[in-house]
Amino acid sequence: MFFLLNILGVLIVVGLVFLCSPAKRKIKWRSLLSLFIVELLITWFMLTTSIGTWIINKIAAFFSWLVSCANDGIAFAFPSVMANDTVDFFFSALMPIIFIVTFFDILSYFGIMTWIIDKVGWVISKISGLPKMESFFSIQMMFLGNTEALAVIREQLIVLKSQRLLTFGIMSMSSVSGSILGAYLSMVPAEYVFAAIPLNCLNALLLASILNPVEVSKEEDIVYVPPKEEKKDFFSTISNSMLVGINMVIVILAMVIGYVAITSCLNGILGFFVHGLTIQKIFGIIFSPFAFLLGLGTHDAMYVASLMGIKISTNEFVAMMDLKNHLKDMPPHTIAVTVTFLTSFANFSTVGMIYGTYNSIFGESSSSIIGKNVWKLLVSGMAVSLLSAMIVGLFVW
């Protein structure tokens, strides 16, 4: 019965996103079905074979090394902060952006990044039948995270039309950053975190193609290469990259602080009228039907629904800290779907981060496409988290 609920959940999530699509006739169902089959194979490979786990761990180790390099730079400027056992979000998750953006801009300078985008994007687009850039971006988000991935391909994005820019914004709701994987792994089982990472990114591509289908001609489906006359010297390039990185850090920090503060303010207002009522509890009630569709019993479903409310109104860290204290009392299926659902940046703060990133890269005129379509970002983010959790749930009982 619970397995059938899990399958029904997949159909309902995809169906609801389809109902929200403004251009239903443009959806390429054959391409999306191919992508979904690939996801099932990837999940099976990662959760049931030792080779799959080894590959994911090696990739994660590379990005952990990048973060450690970034931390060396941060420690030089803030040695007392980085020496602490616990490091604030600003230093652990945001400051590494400066180095990560610079590192990948160096790869772009020598043409390495452009080549990878073209080849990897070609492979994924051949499988899915979807555009190269969107296909590559879904892979790039796996360990870079949303804001870092957007910054790395900003030269590619600048030449795109606004409707395609919206697609990248929608997809950006469903990633995590390699810089915070260590924090996740200290709280929840690693195998489900690693399972969630590729599923979230491929589901982001799948659902964005339903929610915002865009026709891309062969002439437009290319990787943009800046003219030689626009290419600066090496040291000017990396210096500019560092300035882009610190600008992003400041903008993102402002958005995170503002949205968390707004949530706290709303909770205070709600509590004035109804004692104990919070935004988190409201969203928990709203998402409780979806918790049942994860294939959970009544008790587990209500608890997981409360974690969903915590995640969307604050962030996944708060929810994971709560989950950590209940893992011993939960069955494997509940742990698998809950951890997978929580492993993403899909919440209100992330909308602010994406808007801030677009604003810093493109300016106010192009970033308005995000402000006008906030509901699409939220629908996509939550739907991707649910779909990924439901797919993992099919393999763990």
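Residues numbered from 1 in each chain as written. Predicted model: local features only at pLDDT ≥ 70, side-chain atom pairs only at ≥ 80, totals over all residues. Heavy atoms only, no water.

A short note on the overall build of the chain
On a plain count of helices and strands, the chain comes out with 21 helices and zero strands. In terms of C-alpha radius of gyration, the chain reaches 20 Å, essentially the compact-globule figure of 21 Å for 397 residues. Across its three principal axes, the chain shows a C-alpha extent of roughly 65 × 55 × 45 Å. A separation of at least 24 residues holds for 78% of the contacts in the chain among residues at least 6 apart in sequence. In the form shown here, the chain has an accessible surface area of approximately 17700 Å², with 69% of it arising from carbon and sulfur atoms. (Helix = DSSP H or I, 4+ residues; strand = E, 2+ residues; numbered from the N terminus. Rg over C-alpha atoms; globule rule 2.2 N^0.38 Å. Contact = heavy atoms within 4.5 Å. Areas by Shrake-Rupley, 256 points an atom, 1.4 Å probe, with all protein chains shown as cover.)

Thoughts on the environment of T343
The residue T343 is located in the loop between helix 18 (332–342) and helix 19 (348–362) in this model. By relative accessible area, which is 0% here, T343 ends up buried. Excluding residues within four positions of it along the chain, T343 makes contact with V176, Y184, V193, A196, N200 and M320. A distance of 2.7 Å separates a polar atom in the side chain of T343 from the backbone oxygen of V339. (Buried < 20%, exposed > 50% of the residue type's maximum accessible area, 1.4 Å probe, protein only. Polar contact = N/O pair within 3.5 Å; in protein donor to acceptor, adjacent residues only side chain to side chain.)

Here's the deal with helix 17 (residues 316–324)
Along helix 17, the residues classified as buried are E316, A319, M320 and L323. The buried residues of helix 17 all sit within an arc of 100 degrees when viewed along its axis, so they share a single face. (Arc of directions from axis to C-beta.)

Regarding the side chain of T278
Structurally, T278 is set in the loop between helix 14 (234–273) and helix 15 (279–292). Within the structure, the side chain of T278 is placed 3.2 Å from the backbone nitrogen of K281, a separation counted as a polar contact. Aside from chain neighbours lying at most four places away, what touches T278 is N267 and L270.

Some thoughts on the packing of aromatic side chains
Under the defined criterion, the tally for this structure stands at twelve aromatic pairs. Centroid distance Y109 to F234: 5.5 Å. Interplanar angle 70 degrees. Geometry classified as edge-to-face. On the criterion of sequence distance, the pair formed by Y109 in helix 6 (residues 96–109) and F234 in helix 14 is long-range, its members being 125 residues apart. Judged by its relative accessible area of 24%, F234 falls in the partly exposed class. (Phe/Tyr/Trp six-rings, centres within 6.5 Å; stacked < 30°, edge-to-face > 60°.)

Quick look at the pattern of salt bridges
All chains considered together, the criterion is met by one salt bridge. A salt bridge links E134 to R164, with the nearest nitrogen and oxygen atoms 2.8 Å apart. Here E134, found in helix 8 (residues 132–144), pairs with R164, found in helix 11 (residues 162–171); they are 30 residues apart in sequence, far enough to count as distant. Its relative accessible area of 6% is what places R164 among the buried residues. (Salt bridge = Lys/Arg side-chain N within 4 Å of Asp/Glu carboxyl O.)

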